Amino acid sequence: MGNLYLDESLDLAGATAGSTVVLDGDEARHAVTVARVRTGERVAIGDGRGRVVRGTVTATEPRRLQLEVDEVHVEAAAAPRITLVQALAKGDRDELAVQAATELGVDRIVPWSAARSVSRWEGAKAEKGRARWAAIVREAVKQSIRAWLPEVDAVASTGQLPARFEGERMLLLEPTATTPLSGIRPDGRDLVLVVGPEGGIDPKELERLEAAGAERVRLGSSVLRTSTAGPAAIAVLSASLGRW
């Protein structure tokens, strides 16, 4: 199938079999000088907005790659969408969750500064952290050859979550909940999975979010780490939504 290279500035709407697509800038530089893509190889180029073209490389320069298209894949945006609200966590556990969630098909990711989060994104660190997660998402999209690049929002506080997801169905992953996630049936609303940090979601936060309409759900009898809970929940929802 070949590697996937992403360029969100590309206009692939007019790409057809036999047409030529040019990739340039940093992504082309990485393809040519780091990955050492050569003329005659087959690769894929995506715009992160649902279009992926595949074909044969016909020319390369240090910051330019030319592709002759032989296949165009167009994928509609998922509906309903799945958003992961991932609590900031110590070490790289939150980053592991972001990577796996992207590979599994999440549509949007929101960093959450939860009450029990050890890590804090404040001041300049907030944008630096968001950019770091966005880079992880981008690489995971390329690795898994996804047509859509998930959005990565600015960090949110608990108080900001209800307004940010007004009209969407918020599901709080809580091991003591009585409702299994596998029993949730789609009702037309976009889905928001809220995953706490190590130590779980603070009881006061649970109450506050429930008062705003959120629902407590559990994955199973075991307690998963914050790095695995979100991806596991996305897999369950993907099956129930017919994505898999």
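Counting from 1, residues in each chain are numbered in the order their sequence is written. Residues qualify for local features only when their pLDDT is at least 70, as the model is predicted, and side-chain atom pairs are given and counted only at 80 or more; totals for whole chains, interfaces and linings, by contrast, use all residues. Excluded from the side-chain calculation are hydrogens and water; included are all heavy atoms of the structure.

### Examining the domain arrangement of the protein
Applicable threshold: What fixes the domain bounds is an automatic or database domain assignment. Any two residues whose heavy atoms approach within 4.5 Å at even a single point are treated as in contact. In this description, buried area is defined as the sum, over both parts, of the accessible area (probe of 1.4 Å) that is lost when the two are combined. Any carboxyl oxygen of Asp or Glu that lies within 4 Å of a side-chain nitrogen of Lys or Arg is treated as forming a salt bridge with it. Side-chain atoms alone can form a polar contact between residues adjacent in sequence; in general such a contact is a pair of N or O atoms within 3.5 Å, and within protein one must be able to donate a hydrogen while the other accepts it. We count a stretch as a helix when DSSP gives it H or I for four or more residues in a row; a strand needs E for two or more, and each element gets its number in order from the N terminus. In this count, Pro and Cys sit with the nonpolar residues alongside Ala, Val, Leu, Ile, Met, Phe, Trp and Tyr, while Asp, Glu, Lys and Arg are called charged and the others, Gly among them, polar.
Assigned domains within the protein: domain 1 (4–74) and domain 2 (82–241). Centre-to-centre separation of domain 1 and domain 2, based on C-alpha positions: 32 Å. The interface is formed by 12 residues belonging to domain 1 together with 8 residues belonging to domain 2. Summed over both sides, the interface between domain 1 and domain 2 buries roughly 910 Å², with carbon and sulfur atoms accounting for 58% of that surface. Among the residues domain 1 hides against domain 2, the three largest losses belong to Leu4, Leu6 and Gly48. Together they make up 50% of the total. If you look at where domain 1 meets domain 2, you find 3 salt bridges. With a shortest N-O distance of 3.5 Å, Arg138 and Glu27 are connected by a salt bridge. Here domain 1 is connected to domain 2 by 6 residue pairs in polar contact (both at pLDDT 80 or more). At the level of elements, strand E1 (4–6) and strand E4 (51–61) are the ones that each hand at least two residues to the side of domain 1 that touches domain 2. At 3 residues, the largest contribution of residues to the side of domain 1 that touches domain 2 is made by E4. Here the side of domain 1 that touches domain 2 is built from residues that sort into 3 nonpolar, 3 polar and 6 charged.

### Remarks on the nonpolar core
A general tendency of soluble globular proteins is for nonpolar side chains to be buried together. Here is the rule: The set of buried Ala, Val, Leu, Ile, Met, Phe, Trp, Tyr and Cys residues whose side-chain atoms join them within 4.5 Å is what this entry labels a nonpolar core. We call a residue buried when its accessible area falls under 20% of the maximum for its residue type, exposed when it is over 50%, and partly exposed in between, using a 1.4 Å probe and counting protein chains only.
Membership of the largest hydrophobic core comes to 32 residues, with the highest contact counts inside it found for Val106, Trp133, Leu171, Leu173, Leu181 and Leu193. Residue contributions to this core peak at 5 residues, all from helix H3 (residues 124–144). Counting residues domain by domain, this core receives three or more from each of domain 1 (4–74) and domain 2 (82–241). Beyond its immediate stretch of four places on either side in the chain, Trp133 contacts Gln86, Leu88, Asp94, Glu95, Val98, Ile109, Val110, Pro111, Trp121 and Val152.

### Structural notes on the pattern of salt bridges
Overall, the coordinates contain 23 salt bridges when judged by the stated rule. Of the charged contacts, one joins Glu168 and Arg108 as a salt bridge, the two residues approaching to 3.9 Å between their closest N and O atoms. Residue Glu168 is found in the loop between helix H4 (161–164) and strand E10 (169–173), and its partner Arg108 is found in strand E7 (residues 108–113); the two are separated by 60 residues along the sequence. Accessibility expressed as a relative area gives 10% for Arg108, which makes it buried. One salt-bridge network, held together by shared partners, links Glu8, Glu27, Arg138, Glu139 and Lys142.

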